Amino acid sequence: MENTSSDIRQLNEKIHQASAFVDLLSMELGKVIVGQRYMVERLLIGLLAQGHVLLEGVPGLAKTLSIKSLSSAINAKFSRIQFTPDLLPADVIGTMIYNQQKNEFVVRRGPIFANFILADEINRAPAKVQSALLEAMQERQITIGDTTFKLDEPFLVLATQNPIEQEGTYTLPEAQVDRFMLKVVIGYPTKEEEKLIIRQNLNPEAMTPIRPIIQPGDIMEARKLVREVYMDEKIEKYILDIVFATRNPEEYKLAKLKPLIAYGGSPRASINLAWAAKAYAFMKRRGYVIPEDVRNICFDVMRHRVGLTYEAEAENVTSENILSEILNAVEVP
Amino acid sequence: MYKQQVIRRIFLCFLPGLLYPFSLLAQHAVEVAAKADTSSIRLGEQIKLQLTATISAAQFKDANFKVVFPVLPDSLDHFEVISRTGLDTASNAGQKVLHQTFTLTSFDSGHWEIPPMRFEVFAGASTAHDSALTLPIGIDVNTVAVDTTKAFKPIKAVQSVPWNIWDYWLYIVIGVVVILLAIGLWWYFRKRPKKEPVIKTPTVTPYELAMHELQSLKEEKLWQQGDIKQYYTRLTDILRTYFEHQFGIAALEQTSEELLRNIKPVTKLNQQRDKLRSLLAIADLAKFAKMQPTADEHEGCMRQAEEILEWTKPKIEPVNETVNEKPSV
C-alpha cells in the first residue's frame, strides 16, 4: 500500500519520538569512549539495519571498548573471539561433548551465542573458521549435531582487520566480505581526544560505568520502525545510479574509471545501501530518506564492494577515490 | 626315331608360349639409366642423380603400358636424399623420355656405391610385369685435406659487407616522397585562406534562461494540478542549473546540504543563503517525504527563487562570446 502524505507525517512524528534513545545511547557511550563517534554511529546503523560491520584500523583504537560499551548500554550479551590460525569452527559455534555421568552427548554452545560479537582480527583464522562465522551471520542460526539453534536477536558481529600486518593472514574473499553491510575504516583520535584518553586512563576510578539505557527488545522495535522509513522512488533511483556507476562507469560519463574497476557493487550493495540509508535517516530522527543519508553512508557500504584492477593498485587509486568520482558525477535527485 | 620326332613337334608347339613373357620386355624395349653429375664430392656436397626411362612413342600410346620409377627412401647407405623432383616427360626423335632428378649428399668419407635402381614395367592387360635395373654408380666422398704441419687458426669473426647506397635505394625514395608530401601539405595549409572564426552571440544568458524556465513552470500550473513533486523537482533543477552555469558550482551533483556549504565562497549567492535554505528544505520535503506544502508556500518558493536570481544576476551582460570560450546556454 502506498504511503500518503499524512501517513508519512505520522510516521515522521512516531520516529522522531522513538529514535530519541539514539541520542541517549550516544551520550552514554561518550562517557567512556572519547572520540570515535563515527565508529559508534556506524555500529548503531549496523544494529538498526540488521547488518554486520567490518572494522579496519590499527590496534588500540577502542574497538573492543566500543562494542562492549554498546552491549552494556543495551543490556545485551557480549562475547569476544580472538581469531588465530589454530582456531577451529567448533571453537566459534560450539560442539557436542560426551557426558560420562549421563552417558550421552550434550551441546556446548560456542561464544557466538551472544548479541554482540567482536571477531577480533578475523583474517588471522583459516577459511573454514571464517566461513563458519559468516554463515552464522547470514543465516542467524547455528547447527550443532542434529540440532539447529536460532541466534539471539539483536545479533551484531563486529569483525576487525588490521591493515598493517598482512603476513600469515587469510584475506577474506570478496564473496565473504560482501556479507558485511559496512566496512568502516577508522583512524587515530585527534590530539585533544587523545589528551582526554590519557587523563581518563590515568584516573579510571573517575570513569562512570555504562548504565543500560534500553533493552534488546527496544532495538527490535526500532528495527521495525527503520523498515517503515519512507524511501521515495527518486532515492531508489539515486541508489541504483550509484551502484550501476560502479559496474558501468562509461554510462555515467566516467569512462576513465572503466580500466580501474575490476567488478562493481552486487545487488547486495543496493539492498544494503537502502537499508543503511533508512537506518541513518532513523538516527537523524526522520521518517523519510533524503539524498544526504545515501551519500553519508555510501563509502562505508560500497568501499569493500568495488574491486580494483592491478592498474588501479599500481596507480595507488583506492575504492574511495573511485566512489568520490562517482558521487561527483551522479546527479542528485 | 618316330618318337623323337613326335616329342620335337610337341616341344615346338609349346615353345612360343614358354618364351612369351620374356619377349614382352624385348617387344617394349624400355631403356633405363641412372646418371650422376659427378663421381667425386667433398663431405656434404650435393650430387644430382638423374633416373631416366626411354620408351618408344608407339609403346607409350598403349593404354596398358606403364613404367614405375623406383621409390627412394630418405636415406640410402651412406647417402641422404635431400630433395626430389616430380616425374618429367620429354619427346626425343620418336621416343618418350621420362626422368626424375634426386639431390643426394653424403657425410661419410670413402668410396660408396649408389645401388642399382629398379624400374617396374607393365604392359598388356595382364598383371605380368618385368623389372629393369640400372647400373650401380660409384661415388668418391672426400674429406677436406688438412695441413697438420701448420698451426690452427681461430674462427673468423663476422665480416661486414661494404656499405653500398643501392642497398637502401627504396628507403631513400620513400623518405624523399614523405618529405616532399610533408612540405606540400605544409605549403597547402599555409597558403589556404583562413576561415573567419564564427562569432556566436549567446542567445540567452544563464539568468535569462532561468527566468524563462521559471516563467514556463508558472504557466504549466503544476502544483495547481496536484503535481507538487514535479513542481519542486523542476524548481530546484532550474536553480541548480543556473548555479552551475553562472557560478561554476556543480550543483546538480550536490545534495542540499552540500550546496549550501559550497556557495559560501560566492559572496553574492551566500547573501541569499537563508532564502535558499528554506526553499531547498521545503523542496526536499515535497520531493522525498510526500509533504504537501500550502499554496502560500508554493508561491513563496517561486518568489524566493526569483529573488535569488535577481540578486545574483551579473550586472554587465557579456555582449559577444566565441564558441570556444564559454559554452552557450
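Residues numbered from 1 in each chain as written. Chains lettered and ligands numbered in written order. Predicted model: local features only at pLDDT ≥ 70, side-chain atom pairs only at ≥ 80, totals over all residues.

Naming follows an unreviewed UniProt entry, where chain B appears as Oxygen tolerance protein BatD of Chitinophaga niastensis.

As recorded in an unreviewed UniProt entry, chain A goes by MoxR-like ATPase and comes from Chitinophaga niastensis. The record held by UniProt for chain A lists under Sequence similarities (unreviewed entry) the comment "Belongs to the MoxR family." (UniProt positions renumbered as here; feature names shortened; annotations may be inferred.)

Let's shift gears to the overall build of chain A. Each helix and strand counted, chain A has 14 helices and eleven strands in total. Across the 333 residues that make up chain A, the buried fraction comes to 41%. For chain A, the share of sequence-separated contacts (at least 6 apart) that also reach a separation of at least 24 residues comes to 80%. (Helix = DSSP H or I, 4+ residues; strand = E, 2+ residues; numbered from the N terminus. Buried ≥ 20, exposed ≤ 12 C-beta atoms within 10 Å, placed from the backbone. Contact = placed C-beta atoms within 7 Å.)

Take the overall build of chain B next. Of regular secondary structure, chain B possesses nine helices and 14 strands. Residue burial in chain B is summarised as follows: out of 329 residues, 19% are buried. Expressed as a percentage of contacts within chain B between residues at least 6 apart in sequence, the contacts between residues at least 24 apart total 66%.

Where a strand is regular, its side chains alternate between the two sheet faces. All names here are of chain B. Alignment of strand β5 (residues 75-76) against strand β6 (residues 79-84), held across two bridges, turns out to be antiparallel. By the bridge assignment, S75 is partnered in β6 with E80. Count of turn residues in the β5/β6 antiparallel hairpin: two residues, of which H78 carries a positive phi of about 70 degrees. Of the strand pairs in this sheet, β6 and strand β8 (residues 95-105) are connected by four bridges, and their pairing is antiparallel. Across the sheet, the residue bridging to R84 is F102, located in β8. (Pairing = 2+ DSSP bridges.)

The next subject is the sheet that holds strand β11 (residues 129-133) of chain B. All names here are of chain B. Read from one edge of the open sheet, three strands run β4-β10-β11, paired in antiparallel fashion. The open sheet is flanked by β4 (66-68) and β11, the only strands paired with a single partner. Direction aside, neighbouring strands of the sheet carry axes that sit 25 degrees apart on average. In this structure, strand β10 (residues 118-122) lies alongside β11, joined through five bridges in antiparallel fashion. Each bridged residue has a counterpart across the sheet, and for F119 the counterpart in β11 is A132. (Axes fitted to C-alpha atoms, helices over the stretch in contact; angles between N-to-C directions.)

Facing 19 residues of chain A, the contacting portion of chain B comprises 13 residues. Of the residues forming the side of chain A that touches chain B, the biggest block, three residues, is contributed by helix α12 (residues 291-302) of chain A. Per-class residue counts for the side of chain A that touches chain B are eleven nonpolar, three polar and five charged. (Nonpolar A, V, L, I, M, F, W, Y, C, P; charged D, E, K, R; others polar.)

Feature annotation in UniProt places "transmembrane region" (unreviewed entry) on residues 168-189 of chain B, given in this structure's numbering. When the span residues 168-189 of chain B is considered, its composition is 95% helix and 0% strand, and the gap between its end C-alpha atoms is 32 Å.

What follows deals with the sheet that holds strand β5 (residues 116-120) of chain A. Residues and elements named next belong to chain A. One open sheet accounts for five strands, arranged β2-β5-β8-β1-β9; its pairing is parallel. Only two strands of the sheet have a single partner each, and these edge strands are β2 (78-82) and β9 (182-185). Strand-to-strand, the axes of this sheet are offset by a mean angle of 20 degrees, without reference to chain direction. Bridge count for β5 against strand β8 (residues 156-161) is four bridges, and the pairing is parallel. Residue pairing for β8: A119 is matched across the bridge by A159. Against the sheet, helix α4 (residues 63-73) makes contact with β1 (53-56), β2, β5 and β8, and its axis sits at roughly 170 degrees relative to β5, the strand it touches most.

Another point: helix α9 (residues 216-228) of chain A. Residues and elements named next belong to chain A. Between its first and last C-alpha atoms α9 spans 19 Å; for 13 residues at 1.5 Å apiece the expected length is 18 Å, and the two agree. Residues I219, A222 and V226 constitute the buried set of α9. The buried residues of α9 occupy an angular sector of 60 degrees when projected down its axis, which confines them to one face. Exposed residues pointing more than 90 degrees away from the buried face of α9 are listed as G217, M220 and K224. (Expected span 1.5 Å × (residues − 1). Arc of directions from axis to C-beta.)

Residues and elements named next belong to chain A. One finds I45, L158, L273, A276 and A279 to be the most contacted residues of the largest nonpolar core, which totals 125 residues. Looking at which element gives the most residues to this core, the answer is helix α11 (residues 267-283), with eleven residues. Once you skip the residues sitting within four places of it in the chain, I45 turns out to touch L182, A276, A279, Y280, M283 and I297. (Core = buried A, V, L, I, M, F, W, Y, C linked by C-beta atoms within 7 Å.)

Another point: the packing of helix α10 (residues 233-247) of chain A against α11(A). To describe two helices that pack against each other, one gives the angle between their axes and the distance between the axes. Residues and elements named next belong to chain A. In contact at an axis separation of 10 Å, α10 and α11 are set at 140 degrees when each is read in the N-to-C sense. Classified by the angle between their axes, α10 and α11 sit oblique to one another. For the pair α10 and α11, the crossing hand works out as right-handed. Across from I239, L240 and V243 in α10, the residues of α11 making contact are A269, S270, L273 and A274. By residue class, the composition of the contact of α10 with α11 is six nonpolar, one polar and no charged. (Parallel < 35°, antiparallel > 145°, perpendicular 65-115°, else oblique. Left-handed = near helix turned anticlockwise from the far one by under 90°.)

This paragraph deals with unusual backbone geometry. Residue and element names in this part refer to chain A. Between E153 and the following residue, P154, the backbone shows a cis peptide bond with an omega angle of -5 degrees. As for its position among the elements, P154 is in the loop between β7 (147-150) and β8. Positive phi outside glycine occurs at Q50, with the angle close to 55 degrees. Of note, Q50 is situated in the loop between α3 (37-48) and β1. For Q50, a count of 18 C-beta atoms within 10 Å gives the class partly exposed. Even without glycine at this site, N75 takes up a positive phi of about 60 degrees. Mapped onto the elements of the fold, N75 is located in the loop between α4 and β2.

Looking now at α4(A). All names here are of chain A. Of all the positions in α4, only K63, S66, I67, S69, L70, S71 and A73 are classed as buried. Buried residues belonging to α4 abut α2 (20-30), α3, β1, β2, β5 and β8. Two residues or fewer after α4 comes N75, characterised by a positive phi angle close to 60 degrees.

This part covers the environment of A:P163. Residues and elements named next belong to chain A. Along the chain, P163 falls in the loop between β8 and α7 (174-177). The class of P163 is exposed, set by 9 C-beta atoms lying within 10 Å. Taking the C-alpha atoms as reference points, P163 and L55, separated by 108 residues in sequence, lie 9.9 Å from one another.

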